[in-house]
Amino acid sequence: MKANLLNNTFAHTLNSFIIAIVCTFLFSCNATRTLTEGKFLVNRNNIFIDNKNINKDDINSYIKQKPNRKILGFVRFHLGIYNYAKLGKSESKFDSLLINTIGEPPVILDTLLTNKTINQIKIYLNSKGYFNSKVVSKIIYKKKKANIKYYIEVSEPYKIRLFNYIIDDSDIKSIVFSDTANTLIKTGDNFDADIMQNERERITNNLKNEGYYYFAKEFISFNVDSSLNSHRLDVSLQIRDNLIKDKDHPDSLVKSFHKRYIIKNINIYPDNSSIEMDNVNRKNYPFFAYQRNKSEKPAAYNFWYKDSLKINPKIITQSIFFKQNDYFKIKDVEQTNNSLMELKLFKFINIQFNESPFDSATVNQNYLDCKIQLTRVPVQSFSVETEATNSAGNLGMAGNILYQSKNLFKGAEIFSLNLRGAMEVQKVLGAKSSQQLFPFNTWETGTEIKLKIPKFLMPIKQERFPKYFKPKTTISAGINFQKRPDYTRYILNVSYGYEWKESKEKKHTIYFADINSVKISPSPQFENTINSINDPKIKNSYQDHLTVSFLNYSFVFNNQNVNKNTDFTLLRCNFETSGNILRGINNLFKSKKNTDGSYSVLNIRYAEYVRGSIDLTHDYVLNKFSKLVVRGLMGGGLAFWNSNVLPFEKSFFAGGANSIRAWRIYSLGPGSSNNSLNTLLDKTGDIDIEGNVEYRFPIYSFFKGALFVDAGNIWLNKKNEQMQNAEFKFDRFYKEFAIGAGFGARLDFSFFILRFDAAIPLRDPSMLPDNRWVLPHTTFSKINFNLGIGYPF
């Protein structure tokens, strides 16, 4: 009854949304009726270019008048809202709110802006080497709408015939010449002002990584000679010397070579406060950090602290990527700032460099003194969180109490204790009355302790590892008690592992101990139901079991640049194995076997399996606001020797907010099986293949939308007598893909994303082969509603 009420409510909501879209479309279509004589609505811009090398999107960015925005590709939603608010004779407060927030006034044709667009396109073409190109516009008027067409006749490009350097400073010349293989400007290429600007920034960055602390891109200029009259250019890159005041004539400036700086003193203030002077009432502790290369001398750092040194100096110096007598490098400073921030001990990090006082002993060298000011966060913190939950369509609420202690053993360790409680409404297997759904009939409570240590906890000096690894050791333990209508369950887990970064894009995580023990007590009714199904996989899901993994490895590749709206790829791989070492020990000591030939630990049969998965996502940026996201997932697991099936927690599932959204979580598959005996039980498999395509677009401000198509399924890796056609077969698996599609609404607050997705099945593999395309028979009751936090992938 409650489920029907939810579906009916959602159906009315969806109906209202469709009606709103239709009304908005009608209001947007009638926009031209309010236009006075001689005014035309900009309907479309078309660009025609006779050169395929010119990007139309770049040209489009210079158009001064863009048509009113559309959603779903054809509805001028914002214009429709504006027209609706303008219908009345007087403007109410609500109308004013619509106009100033969601509404968008009609874009009226302005020929002056059209001419400015032509000039801007010409300037752009000149910057790309297409000098003297022709750009004309043609405006087609139809029913008070204007379609503007831009015709671009691109001239022959000017190419770089000769590229050379003008550098008086021999030291800078040597650095620049040693890196010419990486120059962005090459002979034979088209002239391109943007590439020349990028080359300025590249050389500037290189010099700032070679000790030139004060160097700036303004010292770099280009001389272009176009007098060859053959669409050829000679380009010279000039690096000017610095200008300083003449000692003898202060009113005059004289040329001087740029100074190259070496780092001299590094002063660290681990308990900095903005209201105190640097060295007043502070003690100095000189610390010498050993280097990876044993032949190098230990690096010296000065720690200035107040009452006591509360952080192990080695932890801080391991996060500092420069040392005494190194040339200044801007990349080392940036890495140092990021690494110190990742310790999560400091709310403010300030790294300053100043020229060292004059020293006659080093008159021929230029030195910088470094000051690192670190402002601590509170050592201990408490937080209380409450949340609404929607697990597999079961509504509930949960709460967490989190305690954190930072720098527990003075080594930037973070200790956390989390207490969790939750209540949920779950449907009881075989329930016929709605009274079993209310009040909350499921609850759980648990606690978890976790210790994160910013180093590899092993008998090897941390100096032997590269600093950019930023290693961490994680030790955790937890216990959870769950009481559900059909069973009660205790879950105990302990884990120990490492994580580190190979580079900015690559991250590794490996757990050498990951132990989970599950003790379950089913109710008599539920146990009878499970036994009647007589399926070993389902039985195993609701029996005591133990997983002892001594190898659980994950790899993540992510080349997203959060500062740029560009395409990026996210790859996540995982491999784990469990039970192999335990079985080896049992075989070595000839341990006693169970009656079925398996081994147990503490009277609990342990699982033995291998499991792996690959999850690949690519984001295609279509324009400034919209993107297309494509995702593929493949995974598989195999139980052997001591196990007949994968543990429930390690099995694969389909459906839910992050999978095939037209099906509820755990409700799809496996294969094309359609077993009515276990329709109320969670469906899992040994093999998982999924694919998703999602188009994301803006609606208004933080309110965004999405259109998506999901496809995939799960399968068993061997035949199951209780579930026909559930196993994976190469000659039919592609015929057993479930397909769903839908619309999503997202509230994107940057730091928090609330997601609502509604999806309908298009193809159902559980139906007979000729009846699997189910869209013609889909009703509102078939719509599956998903609530999620964050994007699905």
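Nothing here was measured: the structure is a model prediction, and the numbers come from that model.

K.L.:
Now, about the overall build of the protein chain: what can you tell me, with residues and values included?
P.N.:
A count of helices and strands for the protein chain gives 12 helices and 31 strands. For the protein chain, the proportion of its 793 residues judged to be buried stands at 45%. Considering only residue pairs separated by 6 or more positions, the protein chain has 64% of its internal contacts joining residues 24 or more positions apart. Counting only carbon and sulfur atoms, one obtains 56% of the accessible surface of the protein chain, whose full area is about 43,600 Å².

K.L.:
Break down the packing of aromatic side chains for me, with residues and values.
P.N.:
Taken as a whole and judged by the stated rule, the model has 42 aromatic pairs. Centre to centre, the rings of F328 and F353 are 5.1 Å apart; their planes meet at 80 degrees, and the pair counts as edge-to-face. With a gap of 25 residues between them, F328 in the loop between α8 (313-317) and α9 (330-342) and F353 in strand β12 (residues 346-355) connect regions that are remote in the sequence. Classification of F353 as buried rests on a relative accessible area of 7%.

K.L.:
Pulling in residues and values, what's your account of the sheet that holds strand β4 (residues 159-167)?
P.N.:
Spatially, β4-β6-β5 is the arrangement adopted by the three strands of the open sheet, whose pairing is mixed. The strands lining the two open edges of the sheet, one partner per strand, are β4 and β5 (220-225). Direction aside, neighbouring strands of the sheet carry axes that sit 20 degrees apart on average. Where β4 lies against strand β6 (residues 232-239), eight bridges are found, and the strand directions are parallel. Along β6, the bridge assignment pairs F163 with V235.

K.L.:
Got a sec to walk through helix α4 (residues 93-101)? Specific residues and values, please.
P.N.:
Taken residue by residue, α4 has D95, L98 and I99 as its buried positions. The buried side chains of α4 occupy one side of the element, clustering within an arc of 95 degrees when seen end-on. Exposed and facing more than 90 degrees away from the buried side of α4 are K93 and N100.

K.L.:
Give a detailed account of the confidence of the model for the protein chain, specifying residues and quantitative values.
P.N.:
Predicted confidence across the protein chain gives a mean pLDDT of 86, with 90% of residues reaching 70 or more. Every residue in residues 1-20 scores below 50 in pLDDT, and together they form 12 contacts with partners more than four places removed in sequence or on other chains. Across residues 430-438, confidence stays below pLDDT 50; counting only partners more than four residues off in sequence or on other chains, it has 10 contacts.

K.L.:
Outline the pairing of strand β20 (residues 506-522), listing residues and values.
P.N.:
Pairing geometry for strand β19 (residues 487-501) and β20, over 15 bridges, is antiparallel. Pairing of G497 across the sheet is with Y511, part of β20. In this structure, β20 lies alongside strand β21 (residues 545-558), joined through 11 bridges in antiparallel fashion. Within the sheet, the bridge partner assigned to K506 lies in β21 and is F557.

K.L.:
Before we move on, can you summarise a nonpolar patch on the surface with the specific residues and values?
P.N.:
Taken together, the side chains of F550, I581, I585, L588 and F589 make up a nonpolar region of the molecular surface, amounting to roughly 520 Å² of accessible area. Residue placement: L588 occurs in helix α12 (residues 580-588). Residue classification places L588 among the exposed residues on the basis of a relative accessible area of 66%.

K.L.:
Now, about the pattern of salt bridges: what can you tell me, with residues and values included?
P.N.:
Overall, the coordinates contain 32 salt bridges when judged by the stated rule. A salt bridge links R282 to D271; its shortest N-O distance comes to 2.7 Å. Linking R282 in the loop between β9 (261-269) and β10 (283-289) with D271 in the loop between β9 and β10, this pair joins segments that are 11 residues apart in sequence. Both residues of the pair, R282 and D271, count as buried. A salt bridge links E727 to R732, with the shortest nitrogen-to-oxygen separation between them at 3.4 Å. With relative accessibility at 10%, the residue E727 sits in the buried group. Through salt bridges with shared partners, one network takes in R661, E694, R696, D710, R746, R755 and D757.

K.L.:
With reference to specific residues and values, describe the sheet that holds β10.
P.N.:
Read from one edge to the other, the open sheet built from five strands follows the order β10-β11-β9-β13-β12, with strand pairing classed as mixed. The open sheet has two free edges, formed respectively by β10 and β12, since each of these has just one partner strand. The average angle at which neighbouring strand axes cross in this sheet is 25 degrees, direction not considered. Where β12 and strand β13 (residues 366-376) come together, nine bridges link them in antiparallel fashion. Within β13, the position partnered with N354 by the bridge is D369. Packing against the sheet, α9 makes contact with β12 and β13, and its axis sits at approximately 155 degrees to β12.

K.L.:
Mind laying out the nonpolar core, listing which residues take part and the relevant values?
P.N.:
Ranked by size, the top nonpolar core spans 30 residues in total, and within it I268, I316, F322, F353 and I372 carry the most contacts. Looking at this core, the elements with two or more residues in it are β9, β10, β11 (299-305), α8, α9, β12 and β13. If near-sequence neighbours (up to four positions away) are discounted, I372 is found in contact with I266, N267, I268, Y269, I320, F322, L340, N350 and I351. In terms of nonpolar packing, the next biggest core, distinct from the first, is built from 22 residues, F163, Y165, I167 and I203 among them.

K.L.:
Can you explain the packing of helix α3 (residues 77-85) against α4? Please cite residues and give values.
P.N.:
At their nearest, the axes of α3 and α4 sit 9 Å apart, and the two run at 155 degrees to each other. By the angle class used here, α3 and α4 are roughly antiparallel. For the element pair α3 and α4, the recorded crossing hand is left-handed. Counting all contacts with α3, which are made through I81, Y82, Y84 and A85, the residues of α4 involved are D95, L98 and I99.

K.L.:
Got a sec to walk through the side chain of E608? Specific residues and values, please.
P.N.:
The topology assignment puts E608 in the loop between β24 (604-605) and β25 (609-621). Among the polar contacts listed, one links the side chain of E608 to the backbone nitrogen of N642, at a separation of 3.2 Å. Setting aside its immediate chain neighbours within four residues, E608 contacts S578, G579, N580, R583, L638, A639, F640, W641, N642 and S643.

K.L.:
For α9, give the residues involved together with the corresponding values.
P.N.:
Over its 13 residues, α9 runs 19 Å from end to end, which matches the ideal 18 Å to within 8%, given 1.5 Å per residue. Check the buried side of α9 and you find it contacts α8, β12 and β13. At the exit of α9 stands K344, carrying a positive phi of roughly 60 degrees.

K.L.:
Pulling in residues and values, what's your account of unusual backbone geometry?
P.N.:
For residues other than glycine, phi is negative in most cases, and the peptide bonds are mostly trans. Following G669, the chain continues to P670 via a peptide bond in cis, the omega torsion being -10 degrees. Mapped onto the fold, P670 is located in the loop between β26 (627-639) and β27 (687-700). Although it is not a glycine, N325 adopts a positive phi angle of roughly 70 degrees. Looking at the secondary structure, you find N325 in the loop between α8 and α9. Although it is not a glycine, L602 sits at a positive phi angle of roughly 55 degrees.

Calculation criteria
Residues numbered from 1 in each chain as written. Predicted model: local features only at pLDDT ≥ 70, side-chain atom pairs only at ≥ 80, totals over all residues. Heavy atoms only, no water. Helix = DSSP H or I, 4+ residues; strand = E, 2+ residues; numbered from the N terminus. Buried < 20%, exposed > 50% of the residue type's maximum accessible area, 1.4 Å probe, protein only. Contact = heavy atoms within 4.5 Å. Areas by Shrake-Rupley, 256 points an atom, 1.4 Å probe, with all protein chains shown as cover. Phe/Tyr/Trp six-rings, centres within 6.5 Å; stacked < 30°, edge-to-face > 60°. Pairing = 2+ DSSP bridges. Axes fitted to C-alpha atoms, helices over the stretch in contact; angles between N-to-C directions. Arc of directions from axis to C-beta. pLDDT = per-residue confidence, 0-100. Patch = residues over 30% accessible without salt bridge, like charges linked within 9 Å, V, L, I, M, F, W, Y side chains within 5 Å. Salt bridge = Lys/Arg side-chain N within 4 Å of Asp/Glu carboxyl O. Core = buried A, V, L, I, M, F, W, Y, C linked by side-chain atoms within 4.5 Å. Parallel < 35°, antiparallel > 145°, perpendicular 65-115°, else oblique. Left-handed = near helix turned anticlockwise from the far one by under 90°. Polar contact = N/O pair within 3.5 Å; in protein donor to acceptor, adjacent residues only side chain to side chain. Expected span 1.5 Å × (residues − 1).

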